[in-house]
2 protein chains.
Amino acid sequence: MAPRSRARRGDGLRLRAEILAAAERLLIDSGDESAVSIRAVAQAVGVTAPSIYLHFADRNELIFAVCEEQFGHLDEAMEHAVVGVSDPWERIERKGRAYVEFGLTNPEQYRVLFTSRADCTPDRFLDERLIATSAFGHLIADIEAAITAGQLRSHDSAMVASGLWMMVHGITSLLISKPDFPWPDRAQLIEHVLHTYSSGLRPDPAGR
Amino acid sequence: MAPRSRARRGDGLRLRAEILAAAERLLIDSGDESAVSIRAVAQAVGVTAPSIYLHFADRNELIFAVCEEQFGHLDEAMEHAVVGVSDPWERIERKGRAYVEFGLTNPEQYRVLFTSRADCTPDRFLDERLIATSAFGHLIADIEAAITAGQLRSHDSAMVASGLWMMVHGITSLLISKPDFPWPDRAQLIEHVLHTYSSGLRPDPAGR
DNA sequence: TGTACATCAGTGAACGCGCGTTCACTGATGTAC
DNA sequence: TGTACATCAGTGAACGCGCGTTCACTGATGTAC
């Protein structure tokens with residue numbers, strides 16, 4: 001391998017970005033968080049293992065940096081799905097579909113974000129803070145608008161948001177972790193579940 | 001430690017059972033599948049590592065034996081919840097609650113069963129076979145009865161069963177993997193989600 | 001009842017592996033004069 | 001413009017660890033005579 005050229009002064013972010021990219025690629029390709037080792041990442045970047053420590057305090061920080069980026073991507077995907085859409089209920093539905101689509105398109109990233117142990121999380125990465133400030137917070141806003149518009153049976157926005165998350169998470173994570181199960185047609189199944197849950201959320205047509 | 005007494009002839013199943021029990025305990029206590037190593041299990045049982053190989057071909061077989069047992073327990077829990085209940089719809093609802101309860105009571109076992117990679121599975125443990133023959137198969141039967149009884153809007157039993165599974169899996173797995181998230185009251189949340197989905201499954205009261 | 005033998009559950013030592021992390025270092029880049 | 005020096009990104013070797021798995025073995029249990 002051609003020796004990589006040394007970074008210029010103040011160019012430290014270049015290697016950092018390369019490390020992050022390599023870690024993500026490794027995660028995707030291997031489909032296994034434990035394959036994202038300091039040594040494997042270093043090798044993928046073409047650098048020795050100790051240099052990783054110039055950019056990340058330890059392995060945890062590296063993994064969490066990868067997660068942080070992915071949380072950002074998820075939020076972006078969901079916001080992108082509702083650009084120009086103003087009806088609250090339609091925004092909610094579109095976000096649900098975007099969530100599932102994001103997960104199925106990026107299964108390994110999804111896995112790390114939502115099905116790994118919460119234990120080894122550094123303080124600055126608490127679930128509350130990270131999720132509350134991005135996708136989940138944005139969803140709450142839409143739900144409150146939908147409540148105001150009389151589009152929901154329940155008026156408890158935190159409850160509705162949590163339930164919706166569980167719904168789309170159930171679809172996504174089960175399809176990811178049981179890909180060989182004899183599911184019915186995948187697209188129809190997703191539609192069935194989303195539609196069933198949506199029906200239950202809407203107010204009775206004839207009023208209470 | 002007192003040296004364990006050697007097994008009598010034909011008493012080979014005793015150690016096998018002890019190994020399984022130790023593996024399960026290790027899984028629960030550590031909350032981490034990777035902590036269930038051959039060596040750790042052997043030490044917990046009070047035996048040397050190579051003796052594990054007298055009862056399991058390799059580490060995979062051991063892990064899967066643990067899973068197999070847990071799948072059985074889940075099926076038992078769900079069947080137990082509907083003893084003496086004949087109304088199909090009520091059986092379905094009770095099974096859903098039993099599923100969630102099983103998962104929340106046995107979070108680490110649940111995690112291994114439903115959120116780990118499907119890759120490293122031996123043939124005899126294919127998802128299709130294992131699940132189809134127990135809990136999932138039993139649920140299908142109830143759903144078909146409910147369809148016959150006119151209790152469901154959809155008439156596609158595989159679709160309804162898959163959707164229900166996703167629903168209860170979403171509740172269970174998200175509560176397990178994000179225990180620190182600022183959820184609303186847990187019991188209310190579970191009720192809200194189950195009730196919302198149930199509403200969507202039932203036929204319109206006024207007929208189509 | 002007593003003895004020689006076969007069985008086989010479990011042992012102890014060793015293999016090679018990849019891991020996270022540390023440490024003193026090197027040497028190209030940039031700067032001060 | 002030229003030289004001596006400081007900086008600091010990245011290196012190379014080493015640490016101790018726990019892992020899965022193998023192998024030749026031991027010695028208590030059971031059996032045949």
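One numbering rule holds for all chains: residues counted from 1, following each sequence as written. Note on labels: chains are lettered from A, ligands numbered from 1, in written order. Thresholds applied to this predicted model are a pLDDT of at least 70 for local features of residues and 80 or more for the giving and counting of side-chain atom pairs; totals over whole chains, interfaces and linings are not thresholded and use all residues. Side-chain metrics in this entry use all non-hydrogen atoms of the structure; hydrogen atoms and water are not considered.

## Some thoughts on the overall build of chain A
Let me state the cut-off plainly: A run of H or I in DSSP becomes a helix once it reaches four residues, and a run of E becomes a strand once it reaches two; helices and strands are each numbered from the N terminus. Throughout this description, buried means an accessible area under 20% of the type-specific maximum (1.4 Å probe, protein chains only), exposed means over 50%, and partly exposed covers the range between. Note on contacts: a residue pair is in contact if any heavy atoms of the two residues lie within 4.5 Å. Each accessible area value is a Shrake-Rupley result obtained with a 1.4 Å probe; residue values ignore everything except the protein chains displayed when judging cover.
Per the secondary structure count, chain A includes 10 helices and zero strands. Ordering the α and β elements of chain A from the N terminus gives α-α-α-α-α-α-α-α-α-α. The burial tally for chain A puts 49% of its 208 residues in the buried class. A separation of at least 24 residues holds for 66% of the contacts in chain A among residues at least 6 apart in sequence. Within the structure as shown, chain A displays about 10,200 Å² of accessible surface, and the carbon and sulfur contribution to it stands at 53%.

## Some remarks on the relation of the copies chain A and chain B
Using the following cut-off: Residues below a pLDDT of 70 in either copy are left out; the C-alpha atoms of the rest, at least 70 in both, set the least-squares superposition of the copies.
With an axial shift of 0.0 Å and an RMSD of 0.0 Å, the rotation relating chain A to chain B amounts to 180°. The transformation relating the two chain copies, once decomposed into turn and shift, fits a two-fold axis. When each C-alpha of chain A is compared by its distance to the rotation axis, Gly 170 of chain A comes out closest, at 1.7 Å.

## Thoughts on the pattern of salt bridges
Counted only if it meets this: Whenever a carboxyl oxygen of Asp or Glu lies within 4 Å of a side-chain nitrogen of Lys or Arg, that contact is scored as a salt bridge.
Following the criterion strictly, the structure yields 12 salt bridges over all chains and no others. Salt-bridge contacts for Arg 14 of chain A lead to Glu 18 of chain A; the nearest nitrogen and oxygen are separated by 3.7 Å. Of this pair, Arg 14 of chain A and Glu 18 of chain A both sit in helix H1 (residues 12-30), four residues apart, which is roughly one turn of the helix. A relative accessible area of 28% places Glu 18 of chain A in the partly exposed class. Taking the shortest distance from any N to any O, the salt bridge between Lys 95 of chain B and Asp 142 of chain B comes out at 2.7 Å. Linking Lys 95 of chain B in helix H5 (residues 88-105) with Asp 142 of chain B in helix H8 (residues 135-148), this pair joins segments that are 47 residues apart in sequence. Residue Lys 95 of chain B shares its accessibility class with Asp 142 of chain B, and that shared class is buried. A cluster of three or more residues bridged by salt bridges with shared partners is formed by Glu 79, Arg 91, Lys 95 and Asp 142 of chain A.

## Let's talk about the packing of helix H6 (residues 107-115) of chain A against helix H9 (residues 157-177) of chain A
All names here are of chain A. Worth spelling out the cut-off: For helices, the fitted axis covers only the stretch in contact; all axes are lines through C-alpha atoms, and the angles between them, taken along N-to-C directions, range from 0 to 180 degrees. Relative orientations are named as follows: roughly parallel for angles under 35 degrees, roughly antiparallel for angles over 145 degrees, roughly perpendicular for angles from 65 to 115 degrees, and oblique for any other angle. Crossing handedness is defined as follows: a turn of the near helix away from the far one that is anticlockwise and smaller than a right angle gives a left-handed crossing, while the clockwise case is right-handed. Each residue gets one of three labels, nonpolar for Ala, Val, Leu, Ile, Met, Phe, Trp, Tyr, Cys and Pro, charged for Asp, Glu, Lys and Arg, and polar for the others, Gly among them.
Contact pair H6 / H9: the axes reach a minimum separation of 11 Å and the direction vectors enclose 125°. Between H6 and H9, the interaxial angle falls into the category oblique. You can see that H6 and H9 cross each other, and the crossing is left-handed. Two secondary-structure elements touch here, H6 through Pro 107, Tyr 110, Arg 111, Phe 114 and Thr 115 and H9 through Trp 165, His 169, Thr 172, Ser 173, Ile 176 and Ser 177. Here the residues of the contact of H6 with H9 are counted per class, giving five nonpolar, five polar and one charged.

## With respect to the interface of chain A and chain B
Note on interface size: it is often stated as the accessible area lost on association of the parts. Quick note on the threshold: Buried area: the accessible surface (1.4 Å probe) lost by two parts on joining, summed over both. A 3.5 Å cut-off defines polar contacts: any pair of N or O atoms within that distance qualifies, except that in protein one atom must be a possible hydrogen donor and the other a possible acceptor, and neighbouring residues in sequence count only when both atoms are side-chain atoms.
Contacts between the two partners involve 47 residues from chain A and, on the opposite side, 47 residues from chain B. For the pair chain A and chain B, the summed buried area comes to about 4,200 Å², and 68% of that belongs to carbon and sulfur atoms. Together, Met 159, Met 166 and Phe 181 of chain A form the three largest contributors to the area buried by chain A at its contact with chain B, with a combined 17%. Between the two partners, chain A and chain B, sit 10 residue pairs in polar contact (both at pLDDT 80 or more).

## Remarks on the environment of Ser 30 of chain B
Here Ser 30 of chain B shows up in helix H1 (residues 12-30). At a separation of 2.8 Å, a polar atom in the side chain of Ser 30 of chain B contacts the main-chain carbonyl oxygen of Leu 26 of chain B.

## Notes on the nonpolar core
Basically, it comes down to this: For this analysis, a nonpolar core means a set of buried residues of the types Ala, Val, Leu, Ile, Met, Phe, Trp, Tyr and Cys, connected via side-chain atoms within 4.5 Å.
Counting residues in hydrophobic clusters, the biggest one holds 121 residues, and the most contacted among them are Val 41, Ile 143 and Trp 165 of chain A together with Val 41, Ile 143, Trp 165 and Ile 171 of chain B. If near-sequence neighbours (up to four positions away) are discounted, Ile 171 of chain B is found in contact with Met 166 of chain A together with Val 100, Ile 190, Val 193 and Leu 194 of chain B.

## Concerning H9 of chain A
All names here are of chain A. What counts here: By this rule the span expected of a helix is its residue count minus one, scaled by 1.5 Å.
With 21 residues, H9 extends 30 Å between its outermost C-alpha atoms, agreeing within 8% with the 30 Å of an ideal straight helix rising 1.5 Å per residue. Where burial is concerned, most of H9 is hidden: 20 out of the 21 residues are buried. In this structure Asp 156 caps H9, since a side-chain oxygen of it lies 3.2 Å from the backbone nitrogen of Ala 158.

## A short note on the packing of aromatic side chains
Stated formally: Pairing of aromatic rings covers Phe, Tyr and Trp, the last counted by its six-membered ring, and requires centre-to-centre distances within 6.5 Å; plane angles under 30 degrees mean stacked, over 60 mean edge-to-face, and any other angle means tilted. Think of it as a cone above the ring: NZ of Lys or CZ of Arg counts as a charge over the ring if it is within 6 Å of the ring centre and within 35 degrees of the ring normal.
Under the criterion given, the structure shown has 20 aromatic pairs over all chains. Between the aromatic rings of Tyr 99 of chain B and Phe 114 of chain B, the centroid separation amounts to 6.0 Å while the plane-to-plane angle is 35°, which identifies the pairing as tilted. In this pair, Tyr 99 of chain B sits in helix H5 while Phe 114 of chain B sits in helix H6 (residues 107-115), placing the two residues 15 residues apart along the sequence. Of the two residues, Tyr 99 of chain B and Phe 114 of chain B, neither departs from the other in class, the shared state being buried. Aromatic rings pair up to connect Phe 71, Tyr 99, Tyr 110, Phe 114, Phe 136 and Trp 165 of chain A together with Phe 181 and Trp 183 of chain B into one cluster. A cation over a ring is seen here: Arg 202 of chain B above Trp 89 of chain B, with NZ or CZ 4.3 Å from the ring centre.

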